[in-house]
Each structure stands twice: as C-alpha cells, then as structure tokens.
Amino acid sequence: MEETKTSGQLSLAIPSKDSPEATSTQMTAKKAPEAGASLSSSSLLNSNLVLSCVDTQINQNQAAGVGLAGVGKAVATSKTNGNPSSNSNSNSNSNSKKSRPSLWYAVYFPQLGTLDDLQQKDALTALAAKAISVSSTVSFHKLALVCEIRSSLGYFGGINLLHDKLKGALSTALIAMDQPEHFFYASSPTVSGSLLLARAGQNKLVYQKSNLRSALGTLPADVLNLSKEQNRRLYNMGIRHLKDIWRLPGDGIRKRFGSEFVDQLNKALGKAQEPTLNYLPPPTFSSSYDLPYELENLDRLLPIVDEIIGQLCDFLTRRDLSTSHLMFSLFHEKRSPTCIEISLRQTSRSSTHFLLLVETYFHNLTIPAAVIAISLVVNQFDAFFSHTDALLLDGRPDATSRENNLNQFMEQLKARLGDNYLKGISCVAEHRPEYASACVDVNSHTKKSSIRKSIQNKVATRPRPIWLLEKPEELVEKNSRLYHRKAISIISGPERIETAWWADHDVRRDYYIAQEANGSRLWIYRERSDERRWFLHGYFS
Amino acid sequence: MNSYTSAPDSLQAKVGNASGHIDQLLNSNPNLWRGCDMAGQGSHGHSTGFSQLDSILPGKGWPQKGLMEVISPQWGMGELQLLLPLMRSVIDSGKWILWISPPHSVYAPALVQAGIDTNQILVVKMDASCKDALWSMEKAFQTENCGLVLAWQNWLPGTVLRRLQLAADTGNTLGVIFKQNECKHSPSPTRLQIKESSLQKDHFSTAEVTVLKARGNFRPLSTNIDLYSHQLA
C-alpha cells in the first residue's frame, strides 16, 4: 500500500515541476509554422521528441523518487523478510537463498603452516584451481579453502560423491607440491562454522543452521585462533569449549575480548554476514580462425593474424594487462599443427609490435602442408605499465625509448635466429680457462653498474686471449721447435694453472704467450702430466 | 691544407685572417671532403688509440659510420687488438657491440681485462647461416643502440656490400668486416683495408698495418704499430 501511495504522489508532483519546460517547447512548436511551411514537419517531429523526453524524465524522476522515499522503507521490508543482507555477494543470491540456504564446505591444510606466506599463497591458489571444479565460489582463508557446494550437490549427486571428487583432485595437487596428502574437511551452513569444524579436525557435516550451535559447542576453545594472551584469559575464566562462551553475557565478552571475537562467533552461528575473498581463475585468451580455403603462402595469412592480434589487444586493453608470451598454432590437414611460440623480452600490448614479430617468424618458417586454420592462445599475463616520456626532450630520445628500441631489436633477432644463436657473454669466477667465460641468455643480464666491480675481481690478472679455441689444438714439436702453421717462439711465461684435481676435468698446465712467425700471437700450454704435450688454446687476435 | 703550409711565408701573411676563416668553415663540415685533407685538420674520426695509425688515416681515426674491411691472411693476427680502444669507447657511450659469427668463441675475461663491459655485447654464433648473419647486420645498423658491428665474412658480393654500406651510413653506425683474402678489384664500397704482414723475429710486437684504400687517401700508406704493448708489462 505504501508503495503505490508514494508513486502516486510523485506522479502528481512531476507535471507541475516540468511544466515550464514543456510549455516552452510547445511555444517553439507554435512558432515554427510561422517561420515556413517546409519546417513544419520537422518541428512536429521536434515536438514529438520533446514529449517523449518529458515522458522519460517522468520515469526517471519516479525511479529516483522511489529510491529516495524508499530509504526508510527498504529497512522495513528487509526486517519483515528477516533476511539481513549487508553483503553484496549474498545480495545477489538473496532470492535463491530463501529456498536453499548455502552450504559451505571447508578444507583445512595444516601441513601448509610450515611454508612462508608467499608459498602458502601459491599453494592455496593451486589448490583453489582444483577446487573450482566442484564449486563456482571458492574463497581463501588461513591455511584453508571454503567452497559453496549447495548449488552443485544436485549435479554431483550428493555430498559423498562430491567429496570423493574433491579429495582426489586435492590429493594429487598436494602430492605434486611434495606435501602430505591428508586434509581436514567439514561442511556447515556458515563459512566460519565450517572453518572451525575443519580446524578442530572433526570431519563433520551439519545441514541445518539450527544444529550448528550444538555442533560447534563441543569444540575446544583453541580452534578460535586467538592470541596467547586471550587464550590464557579464556582458560582462566574456566572456558574449555565454545559452549561455555555462549553461556556468558554478550556485552561482557565484547568488552573483555573485543568485538572481533564476538563477530567471529556470530559469523560462525550465522548471525552475521561474512564477506569472502573469492578465487578468480586466471584469464586466458584464445582465438581461432578457420580459413575458407587452404593457404600455402604465409604472407596471405598476415591479414588474419592482424585481426586475431587486434582481438588480443582489445582483450588486453579491457583488462589492463600486457603479455610476453604468444602461442600461435597453424593447423594442417592430416598433420600435427605447427606451433610458433613468441616470447618477448618485455611485456607489451602493441599490435604493430606483435605483428612485426609474427611477420619475422613467418619469414623463416617452412610449413609441411597448406594451412587450414590458425589459432592464438595466451596464458601468461602481466600488469600493464605504460611508458612515460620526459617533459623536455630537446629532440633527443630518452632512456626508456632507447631501451624499447633495444628490446624490439633483440626480439627481432631472436625471432629470426632462434634462442640458441644469439648469446651474451659473461665472466665466471673460475681458474680453469675454458670455464671462465660463459654464454648467457641476453634476457638474464643484470644491471651493469652493480655487477661491474665484482667482475673485475673475478678475472685473472695475467693476459688472456680474446679468442679461445673450443678444443685445444695439439702443436707439433720438431727439432726442439714448436710449429702450428709456422714456427712458434715463446715470448713470456710460464703461468701455471693447476686446479680442479677434485673434479672430472682437472687441469695441470703451464701457459705461455707465444708468437707465430706470421705475426699472430698465441696462447699455448704444455701439459704437466705424463706426455707433456703442447697445445694451442687461444689467439690474442 | 697541406698546400698552404708549404707555401712561402709572405703569401701566407697576405692571405692573413681570411684563410683562417675559410679553414674554419671548411673544417666545420665533415661531409665536405678535400683531396688534400690527408694531413687532416679535419679530425672527425674516432681515435684508434694508436698515434701512428691515426696519422695515416683520413679524419685522424676510424670513420664515424659506414663500412670498413679489415684483411688479415689468417684470423688472429691482431685485428681485434686494433679495435679494442674503439670498442671501449663504444661501450662507454652506452651502446652495444654485435659480434656476428666470430670464428672462435669470444673469451669474456680478455674483454674485461681490456676494460670492455661484457654486458653490452651480443654474439651471433658462428653456425648461423650467412643470410641470417647479413640480415642481423643490417638490422643492427638500423638500431641506434648498436654502436659497432663486427662480422666475419670471407666473401661478399659487391651488391651486398653496397647495401650494407648504405644501411651503415643511414644508421650512423660503423660496421667492420673481417676478411682473409684481399680482392684488389672488388667493387666494395670499403673505406679502409688494413693488412698485417709477417715480421722479423726480433720485433715481436710490432705489426705492419696498411691502409689500402680510404676515402681521402690517394695511395696505400703503411705504418708499424705495437699492438700488444699494453699486455706485456
């Protein structure tokens, strides 16, 4: 009755409010025929438009009025329904809740307590990814996950089957993490209630909210995860079980233990709402395109790739992400698909950059058969960081754009040459000459300033050749003279390197710097072991 | 301006201040080349780090951009020692050096000893195909982050050399191609050819470097350089 009353008042009030506007539009509509007959039709249209506008305004005002008037009323209705809804999550389900209160299934993993915070988070995320197979709502808690299972009970055919399915998935995930595979579980109509039951190690199922109080009452008080001081105080008050707390007056408990403590108990009993932090599966992008005819020429594929990359960039822009790993698959008839993996040095979401890289890959690619379909899958995403330009550039490119150019250049090189052919080099602190230099991936370069000094310390003080032979060449000794291509004479030395007797490749050598008769400078050594042969190990070049 | 220095004093006095201005104007533009520039008031090159070599190179040093050929009968004759000072200055200016298919593995400790930061060095391995090597060379010329490109390619056709030369010129980068064989009549746009010859036994550390061809030189000039002077203390 109240509702109809208020809306009636509003509908009465609105015409009076909007009448000046309406009259003014009517005035213009009247003026228009005077201006010319040709305009009359358009002015009529105008007046129609104005009228419809007025209608919508009325509707809007009605809506707003109801909203405003309903402030007091909304509370009243919710009270009469007896359905408190402070949480947006539960608000959306409030209709279904009437018929079927949700059932929460908690899984508690005490063995994860040995890990540090970050590892715990990773482990729980991995477990949640498994648990999402039985429930659409999986929330994170301390060492535990809670799933809403009422909505999926019918689908899985009862809680036992659902539990078996979840147990199998979680056990394999735990074993994969090198953790013991056991866990505690409990199910009840509240999140905290299930958590408390699981934490107490009572693998229990409580269906009705009314039974929750008695089920929780038998739990020991230390499942509440309180501080040492609070536990001690509870113990001194003679409280051993949760039911002992319920006998105490609520106000007094709130004063002594804080409202958090009381809230936790209220949540467990379903007297208060509890918001949850839900698991969101990571985003994936996949798009495929079936070609209307077979394509041999990869250049013809580029417009389609362009379109797919456009979709990807839209996807990334909408979610404010960027990516560094693209996986293209080219499908052939009766053959396994050709996969192209594109890894970027730096995350990006620029379509031109992606397209340039794909073009470079295609240039080098030979396909076993004609292409009938193409797909793109992207699983790895990173947050997007936009680049900022300096305010006063004076026409010079700043550091970030230089860095970008370099990254693009290296990605192009990698796309064309492959990872194995493009390397950086770095020093290794090692006495054996053949292990003192290492090929490294260009990605793993650390910042130069920090590493520079440490490198200086790593390097031998005696001269080293710029080129080292992968395999030392044996020198010929004739008439007590050494020959490589021409006669060799020793300039300086020896430098004795004798180390790594504990390893497989021990080194016992005397190194000399020598000069060949044609002018090249060599780094040669003589073995100190049995045969005392001479070897060429490098060129000073 | 050699011709003027050899002219009589009286003439020079007459020319007076005007010639000073003209010199200044002429020297201010490195693109302006004069046949008699050999003694080089215009010093617009990277210094090689070897004073004898500087004196016979036009521009008093390595060219700033373009393509250069270094010819040695065998790899490892000291050709890299010649370029070490250049590499050091390129690295110090924050640019990268790309090594394309070097014949042996590049030994990082030696570069660090020479004061070259190995974090800014990229190596394209020897077994990469020639086509890929040339492609990466051209790409490197087009990137402003690459200050120097070293490539080991024994034989390249003239058109390829011309193309690389153009890319290096437009990209403002110096490219060095190491060769083993000298082809006198190659149509190469090469600016410099440096040749090292064999030595007497008692002159261990000097190498003979010949500038066979360079823009600004009329005839081959050669000098003896002590390449390994910094190594044997």
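Predicted model only: the values in this text are computed from it and were never measured.

On to the overall build of chain A. For chain A, the count of helices and strands is 17 helices and 18 strands. Per-residue burial for chain A yields a buried fraction of 40% across its 541 residues. Excluding contacts between residues fewer than 6 apart, the proportion of contacts in chain A whose partners are at least 24 apart in sequence is 60%. Put simply, chain A shows about 31,000 Å² of open surface, and 52% of that area lies on carbon and sulfur atoms.

As a further point, take the overall build of chain B. For chain B, the count of helices and strands is 7 helices and 9 strands. Going through the 233 residues of chain B one by one, you find that 54% of them count as buried. About 10,300 Å² of surface is accessible on chain B, with carbon and sulfur atoms providing 54% of the total.

Another point: the sheet that holds strand 3 (residues 144-148) of chain A. All names here are of chain A. Reading across from one edge, 2-3-1-4 is the order of the 4 strands in this open sheet, with antiparallel pairing throughout. Two strands in the sheet have a free side with no partner beyond their single neighbour: strand 2 (138-141) and strand 4 (184-188). Averaged over neighbouring strand pairs, the angle between their axes works out to 20° when direction is ignored. As paired elements, strand 1 (residues 104-108) and strand 3 share 5 bridges and run antiparallel to each other. Paired with Y108 across the two strands is A144, which belongs to strand 3. With respect to the sheet, helix 5 (residues 117-131) is in contact with strand 2 and strand 3, its orientation differing from that of strand 2 by roughly 155°. Against the sheet, helix 8 (residues 191-199) touches strand 1, strand 2, strand 3 and strand 4, its axis set at about 150° to strand 4.

A separate point is the sheet that holds strand 12 (residues 467-474) of chain A. Spatially, 13(A)-14(A)-15(A)-16(A)-17(A)-18(A)-12(A)-3(B) is the arrangement adopted by the 8 strands of the open sheet, whose pairing is antiparallel. Of all the strands in the sheet, the pair left with one neighbour each is strand 13 (476-478) of chain A together with strand 3 (105-106) of chain B. Sheet topology note: the strand 12 of chain A/strand 18 (residues 534-539) of chain A ladder contains 4 bridges and is antiparallel. Counterpart to E473(A) in the pairing with strand 18 of chain A is L536(A).

With 58 residues of chain A at the contact, the number on the chain B side is 59 residues. Together chain A and chain B conceal approximately 5,300 Å² of surface at their shared face, both sides included; 60% is due to carbon and sulfur atoms. It is I425(A), I466(A) and W467(A) that lose the most area in chain A upon contact with chain B, and together they represent 15% of the buried surface on that side. On inspection of chain A and its partner chain B, the count reaches 9 residue pairs in polar contact (both at pLDDT 80 or more). Elements supplying a minimum of two residues to the side of chain A that touches chain B: helix 15 (351-364), helix 16 (399-417), strand 10 (422-427), strand 11 (437-440), helix 17 (448-458), strand 12, strand 15 (487-499) and strand 16 (507-516) of chain A. In terms of residue count, helix 16 of chain A provides more of the side of chain A that touches chain B than any other element does, 9 residues in total. Its residues assigned to classes, the side of chain A that touches chain B comprises 29 nonpolar, 19 polar and 10 charged. Strand direction decides the pairing type here: strand 10 of chain A and strand 4 (residues 121-124) of chain B, joined by 3 bridges, are antiparallel. Bridging from a neighbouring strand, G424(A) pairs with L122(B) of strand 4 of chain B.

Residue and element names in this part refer to chain B. Under the 1.5 Å per step criterion, the end-to-end length of helix 7 (residues 158-171) is 20 Å for 14 residues, consistent within 8% with the ideal 20 Å. Looking at the buried positions of helix 7, the neighbouring elements they touch are strand 1 (66-71), helix 6 (130-142) and strand 6 (174-179). Looking at the residues trailing helix 7, positive phi occurs at N172, about 60°.

Right, let's talk about the confidence of the model for chain A for a bit. Interpreting fine coordinate detail is not advised for predicted regions of low pLDDT. Here chain A averages 75 in pLDDT, and 76% of its residues register 70 or above. When the criterion is pLDDT under 50, residues 1-98 of chain A qualifies, and its contacts beyond four places in sequence or with other chains add up to 31 contacts.

Residues and elements named next belong to chain B. With 73% of its residues at a pLDDT of 70 or more, chain B has an overall mean of 75. Across chain B, the element-wise mean pLDDT spans from 46 in helix 1 (residues 2-5) up to 90 in strand 2 (residues 96-100). Here residues 1-7 is a poorly scored stretch, pLDDT under 50, and it has 8 contacts once near neighbours within four places are set aside; other chains count. In the model output, the complex is listed with pTM 0.55 alongside ipTM 0.76.

The next thing to look at is the nonpolar core. Membership of the largest hydrophobic core comes to 68 residues, with the highest contact counts inside it found for I524(A), M87(B), W99(B) and L150(B). With near-sequence residues (within four places) excluded, M87(B) lies in contact with L80(B), I97(B), W99(B), I116(B), L148(B) and L150(B). In terms of nonpolar packing, the next biggest core, distinct from the first, is built from 58 residues, Y108(A), F156(A), I253(A) and V262(A) among them.

For the rest of this paragraph, the subject is the pattern of salt bridges. All names here are of chain A. Overall, the coordinates contain 15 salt bridges over all chains when judged by the stated rule. Across the pair R349 and D320 runs a salt bridge whose closest N-O atoms are separated by 3.4 Å. One end of the pair, R349, is in the loop between strand 7 (335-348) and helix 15; the other, D320, is in the loop between helix 14 (302-319) and strand 6 (321-332), with 29 residues separating them in the sequence. Assessed through its relative accessible area of 43%, D320 is described here as partly exposed. For E527, the salt bridge identified is with R533, shortest N-O distance 3.8 Å. Relative accessible area serves as the criterion here: at 17%, E527 is assigned to the buried category.

With that settled, consider unusual backbone geometry. Residues and elements named next belong to chain A. Not every positive phi belongs to a glycine, and L143 is a case in point at roughly 60°. Here L143 lies in the loop between strand 2 and strand 3. The class for L143 is buried, based on a relative accessible area of 11%. Here the phi dihedral of D320 falls at roughly 55°; this positive angle occurs in a residue that is not glycine.

Rules used in this analysis
Residues numbered from 1 in each chain as written. Chains lettered and ligands numbered in written order. Predicted model: local features only at pLDDT ≥ 70, side-chain atom pairs only at ≥ 80, totals over all residues. Heavy atoms only, no water. Helix = DSSP H or I, 4+ residues; strand = E, 2+ residues; numbered from the N terminus. Buried < 20%, exposed > 50% of the residue type's maximum accessible area, 1.4 Å probe, protein only. Contact = heavy atoms within 4.5 Å. Areas by Shrake-Rupley, 256 points an atom, 1.4 Å probe, with all protein chains shown as cover. Pairing = 2+ DSSP bridges. Axes fitted to C-alpha atoms, helices over the stretch in contact; angles between N-to-C directions. Buried area = accessible area lost by both parts, 1.4 Å probe. Polar contact = N/O pair within 3.5 Å; in protein donor to acceptor, adjacent residues only side chain to side chain. Nonpolar A, V, L, I, M, F, W, Y, C, P; charged D, E, K, R; others polar. Expected span 1.5 Å × (residues − 1). pLDDT = per-residue confidence, 0-100. Core = buried A, V, L, I, M, F, W, Y, C linked by side-chain atoms within 4.5 Å. Salt bridge = Lys/Arg side-chain N within 4 Å of Asp/Glu carboxyl O.

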